[in-house]
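# Results of the structural survey
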Amino acid sequence: MNTTTDPKPGPRRMLFATMGVLLAVLLLGAGGFMWLSAGSGNGIAIGGPFTLEDGGGKPVTDRDFRGKYMLVYFGYTFCPDVCPTTLSAVADAMDKLGPDYAARVRPLFITVDPRRDTPAVVRKYTAAFGPEITGLTGTPEAIAAVAKEYRVYYAEHRTGPGPGDYSMDHSSVLYLMDPKGAFLAPIRADQTGDEIAANLKKLMG
Ligand code: NI
């Protein structure tokens, strides 16, 4: 007689596993944001030097944005939901800020999918949201380096056997960097343009 039979039926175990993964993702998101919030102003190093490429393939470094507040977001152009929603909200926030504040902010979109997101792809994508957003890509090594500096999590998630059959899991936070390039504060990316604009005004003073 087989006494090792698992009493739980298969579908129920799968449900538990799915719930576990969802909970982990939820905690990772909330915990990551809270950790970043605690780190702002406390000397925890977030951000740093980078050399990437803009939509024209021209080299761009963090020093090119000195004197402006960088609003940095990491994502990828094939993202089905979170990235387009966030970039729409950022473009809306730039409108809502008004010209005086908006002139002091440079929103940057840095891809975590450099294999598909060539300069031309990134340029076309960011242009669809607004001319104020600068899309940046780079070598896989350069992207890995800048993501590490910003404590960004990203990972390829296979969706099929083909070379392009994958999506990217990635953390979703807006990083506000001050005019000297130092990390100022995280801004939640799941907010409306109005809310992001209000956060920016408060943080910029
Ligand atoms: Ni995304």
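Look up: the structure comes first, before these words.
Nothing here was measured: the structure is a model prediction, and the numbers come from that model. (Residues numbered from 1 in each chain as written. Predicted model: local features only at pLDDT ≥ 70, side-chain atom pairs only at ≥ 80, totals over all residues. Heavy atoms only, no water.)

### Focus on the overall build of the protein
Note the following rule: Each helix corresponds to a stretch of at least 4 residues labelled H or I by DSSP, and each strand to a stretch of at least 2 residues labelled E; elements are numbered beginning at the N terminus. For every residue, the accessible area obtained with a 1.4 Å probe (protein chains only) is divided by the maximum for its type, and the residue is called buried under 20%, exposed over 50%, and partly exposed between those limits.
The helix and strand inventory of the protein stands at six helices and nine strands. Here the protein holds 205 residues, and the buried ones make up 41% of them.

### Some words on the coordination of the nickel ion
Filter applied, for reference: Metal sites are built from N, O and S donor atoms within 2.8 Å, or 3.2 Å for Na, K and Ca, and they leave out water, so they may look incomplete.
Protein coordination of the nickel ion is provided by Cys 79 (SG), Cys 83 (SG) and His 170 (NE2), with donor distances spanning 2.0 to 2.3 Å. Residue His 170 is classed as buried on the basis of its relative accessible area of 15%.

### Some words on the pairing of strand β9 (residues 183-188)
Rules: Strand pairing is assigned whenever DSSP identifies at least 2 bridges connecting the two strands.
Here strand β8 (residues 173-177) runs beside β9; their pairing, made up of five bridges, is antiparallel. Considered in β9, the bridge of Tyr 175 is made with Pro 186. The hairpin formed by β8 and β9 contains five residues between the paired strands, and Gly 181 there has a positive phi angle of roughly 95 degrees.

### Quick look at the packing of helix α2 (residues 82-97) against helix α6 (residues 193-204)
Helices that pack against each other are described as a pair by the angle of their axes relative to one another and the distance between those axes. Filter applied, for reference: Axis angles are defined between N-to-C directions and span 0 to 180 degrees, where every axis is a line fitted to C-alpha atoms and, for a helix, only to the segment in contact. With respect to orientation, any angle under 35 degrees is reported as roughly parallel, any angle over 145 as roughly antiparallel, any angle of 65 to 115 as roughly perpendicular, and every other angle as oblique. When the near helix sits turned anticlockwise from the far one by under a right angle, the crossing is termed left-handed; a clockwise turn instead gives a right-handed crossing. Any two residues having at least one pair of non-hydrogen atoms within 4.5 Å are treated as being in contact. Nonpolar residues are Ala, Val, Leu, Ile, Met, Phe, Trp, Tyr, Cys and Pro. Charged residues are Asp, Glu, Lys and Arg, and all others, Gly as well, are polar.
Look at α2 against α6: their axes get within 7 Å of each other, and the N-to-C directions meet at 60 degrees. As judged from the angle between their axes, α2 and α6 are oblique. Pair α2 / α6 crosses with right-handed handedness. For the pair α2 and α6, the contacting residues are Ala 89, Asp 92, Ala 93, Lys 96 and Leu 97 in the first and Gly 193, Asp 194, Ile 196, Ala 197, Leu 200 and Lys 201 in the second. Looking at the contact of α2 with α6 residue by residue, the class counts come to six nonpolar, one polar and four charged.

### Some remarks on the pairing of strand β3 (residues 69-75)
The element β3 is extensively covered by neighbouring structure, given that seven of its seven residues are classed as buried. Side chains Tyr 69, Leu 71, Tyr 73 and Gly 75 of β3 all project onto a buried face; the interleaved residues Met 70, Val 72 and Phe 74 project onto the opposite face, where all are buried too. Note that β3 and strand β4 (residues 105-111) share seven bridges and pair parallel. By the bridge assignment for β4, Phe 74 is matched with Ile 110. As judged from the three bridges shared by β3 and β8, these two strands associate in the antiparallel manner. Each residue of the ladder has a partner; that of Val 72, found in β8, is Tyr 175.

### Comments concerning the environment of Phe 50
Tracing the backbone through its elements, the reader meets Phe 50 in the loop between α1 (10-39) and β1 (51-53). Between the C-alpha atoms of Phe 50 and Ala 142, which are 92 residues apart in sequence, the distance is 7.5 Å. Leave out the neighbours within four places in its chain, and Phe 50 touches Val 60, Thr 61, Asp 62, Phe 65, Met 70, Leu 108, Leu 136, Val 146 and Tyr 150.

### Some thoughts on the sheet that holds β4
Taken in spatial order, the five strands make up an open sheet running β5-β4-β3-β8-β9, and their pairing is mixed. Each end of this open sheet is capped by a strand with a single partner; those strands are β5 (134-136) and β9. For this sheet, the mean inter-axis angle between neighbouring strands, taken without regard to orientation, is 25 degrees. Contacts between helix α4 (residues 119-127) and the sheet are confined to β4 and β5, with β5 contributing the most and set at about 150 degrees to the helix.

### Topic: the side chain of Thr 126
Summarising the element assignment, Thr 126 is placed in helix α4. Apart from the residues within four sequence positions on either side, Thr 126 is in contact with Phe 109, Ile 133, Thr 134 and Gly 135.

### Description of the pattern of salt bridges
Heads up, the rule is: The working definition used for a salt bridge is a side-chain nitrogen of Lys or Arg within 4 Å of a carboxyl oxygen of Asp or Glu.
Tallied over the full model, the rule gives seven salt bridges. A salt bridge links Asp 113 to Arg 116; its shortest N-O distance comes to 2.8 Å. Across this residue pair, the class does not change: Asp 113 and Arg 116 are buried. A single network of salt bridges, built from pairs that share partners, joins Asp 92, Lys 96 and Asp 194.

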